[in-house]
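Structure at a glance
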Amino acid sequence: MLSAEQIASYQANGYLVLPDFKPAAAMAQVRQRAMAMVEAFDPAEYIAIFSTKDSSTNANPYFLSSADKVHCFFEEEAFGPDGELRQAKALSINKIGHALHDRDPVFDAFSRGTELAAVAHDLGLTQPQIWQSMYIFKQPGIGGEVGWHQDATFFDTTPLSVTTFWFALEDATLDNGCLWVQPGGHRGPLRELYVRDADMVRMDKLDATPWPEGDAAVALPVPAGALVVFHGLLPHYSAPNRSAHSRHAYTLHVTDASTAYSPRNWIQRGADFPVRGF
Ligand code: FE2
């Protein structure tokens, strides 16, 4: 699937962009499915504002129980001071997570297949396991920033293996909050570790290396249909979306079964709901 040049580029930079990876029809199907999930979601039932900036808010049961379910999370700025939604519910959801790939047939089909298995294999994932899926809306006007981080913070394995598959379902641009990465930054240390202890979660500081600044950060605008694959240690971030256009994306976080998956990672699977690959 991948050429020697693509594999070399991934190893050098810590990421790889594969344009035109998903056909328009497949993207339309998952978009439609996500909208139906939001339509069926009752905000009054579960008011849980998800903030990636404050990990302490994650320790709510709605978040933790989403590990093996399909839950909708609001944007941080979704509600006004009066407690009412600022805009329609369909334009107020931050994301849907975190087991769409195993709980929904449309997302299952989108998340698996020979092409993805081949990409994973070529990047060194010999026994891929898909732990998490997220449908990210990055809503127009209120889509929040996701600060600099490394995905290995949330998926600790020994040795490190987590790899992110990031699908652009709409054009991701500088205006609507595309990804920013630090090319080569995957050779740096893991800075933080997200640890779960029963119903508590915390962020442990491991290393004081600063996040990239200035020219070290490179924007990755990509057209709809592109797949961006990146290394678990690659620092990345996305700016808030102040444009009038949404920036839908879908992500998978994948580790290798030949590594040891930490029992302190927030997502765990039992024998009744085993983790699967592509
Ligand atoms: Fe990330």
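Presented here is a report on the structure given in the accompanying data block.

Definitions and cut-offs
- Residues numbered from 1 in each chain as written.
- Predicted model: local features only at pLDDT ≥ 70, side-chain atom pairs only at ≥ 80, totals over all residues.
- Heavy atoms only, no water.
- Donors = N, O, S within 2.8 Å, 3.2 Å for Na, K, Ca; no water.
- Buried < 20%, exposed > 50% of the residue type's maximum accessible area, 1.4 Å probe, protein only.
- Helix = DSSP H or I, 4+ residues; strand = E, 2+ residues; numbered from the N terminus.
- Salt bridge = Lys/Arg side-chain N within 4 Å of Asp/Glu carboxyl O.
- Pairing = 2+ DSSP bridges.
- Axes fitted to C-alpha atoms, helices over the stretch in contact; angles between N-to-C directions.
- Contact = heavy atoms within 4.5 Å.
- Core = buried A, V, L, I, M, F, W, Y, C linked by side-chain atoms within 4.5 Å.
- Phe/Tyr/Trp six-rings, centres within 6.5 Å; stacked < 30°, edge-to-face > 60°.

Here the focus is the coordination of the iron ion. Listed as protein donors to the iron ion are His-149 (NE2), Asp-151 (OD) and His-236 (NE2); their distances from the metal cover 2.1 to 2.2 Å. Looking at Asp-151, the relative accessible area reads 5%, which means it is buried. Among the residues examined, His-236 registers a relative accessible area of 4% and is labelled buried.

With that settled, the discussion passes to the environment of Asp-108. Here Asp-108 is to be found in helix H5 (residues 105-111). Look at Asp-108 and you get partly exposed, because its relative accessible area is 23%. In sequence terms Asp-108 and Trp-211 are 103 residues apart; their C-alpha atoms lie 34 Å from each other.

When their charged atoms lie close together, side chains carrying opposite charge are able to pair. If you walk through the whole model with that rule in mind, you get 11 salt bridges. Ionic pairing is found between Asp-102 and Arg-112, a salt bridge with its closest N-O pair at 2.9 Å. Taken as a pair, Asp-102 in helix H4 (residues 100-103) and Arg-112 in the loop between H5 and helix H6 (114-122) lie far apart in primary sequence, 10 residues in all. The two residues Asp-102 and Arg-112 agree in class, both being buried. Of the charged contacts in the structure, one is a salt bridge between Arg-276 and Asp-108, with a shortest N-O distance of 3.9 Å. Of this pair, Arg-276 sits in the segment after strand S15 (260-261) while Asp-108 sits in helix H5, and the two are 168 residues apart along the sequence. Salt bridges linked by common partners bring Asp-102, Asp-108, Arg-112, Arg-269 and Arg-276 together as one network.

Either a parallel or an antiparallel arrangement is found when strands of a sheet pair, and the pairing is made through backbone hydrogen bonds. The antiparallel open sheet is built from seven strands, whose spatial order is S1-S12-S7-S14-S4-S3-S2. Every other strand in the sheet has two partners, leaving strand S1 (15-18) and strand S2 (70-74) as the edge strands with one partner each. Going across the sheet, the axis of each strand differs from the next one's by a mean of 20°, ignoring polarity. Note that strand S4 (residues 128-136) and strand S14 (residues 249-256) share eight bridges and pair antiparallel. Bridge pairing links Ile-136 to Ala-249 in S14. Docked against the sheet, helix H2 (residues 24-40) engages S2, strand S3 (93-98), S4 and strand S7 (163-168), running at close to 100° with respect to S3.

Core analysis: the largest hydrophobic core is formed by 57 residues, its most contacted members being Ile-96, Tyr-135, Phe-165, Phe-167 and Tyr-250. No other element matches H2, which puts six residues into this core. If we ignore the near neighbours within four places in the chain, the residues touching Phe-165 are Leu-116, Val-119, Ala-120, Leu-125, Leu-227, Val-228, Val-229, Tyr-250, Thr-251, Leu-252, Val-254 and Phe-278. Ranked by size, the runner-up nonpolar core spans 14 residues in total, among them Trp-166, Leu-179, Leu-220 and Ala-249.

Counted according to the given criterion, the structure contains 17 aromatic pairs. With a centroid separation of 5.6 Å and 50° between ring planes, the pair formed by Phe-41 and Phe-74 is classed as tilted. Of the two residues, Phe-41 is situated in the loop between H2 and helix H3 (61-64) and Phe-74 in strand S2; the sequence distance between them amounts to 33 residues. Both residues of the pair, Phe-41 and Phe-74, count as buried.

Among the secondary structure elements, Tyr-62 is positioned in helix H3. By relative accessible area, Tyr-62 is classed as buried at 8%. Between the C-alpha atom of Tyr-62 and that of Asp-151, which follows or precedes it by 89 residues, the distance is 21 Å.

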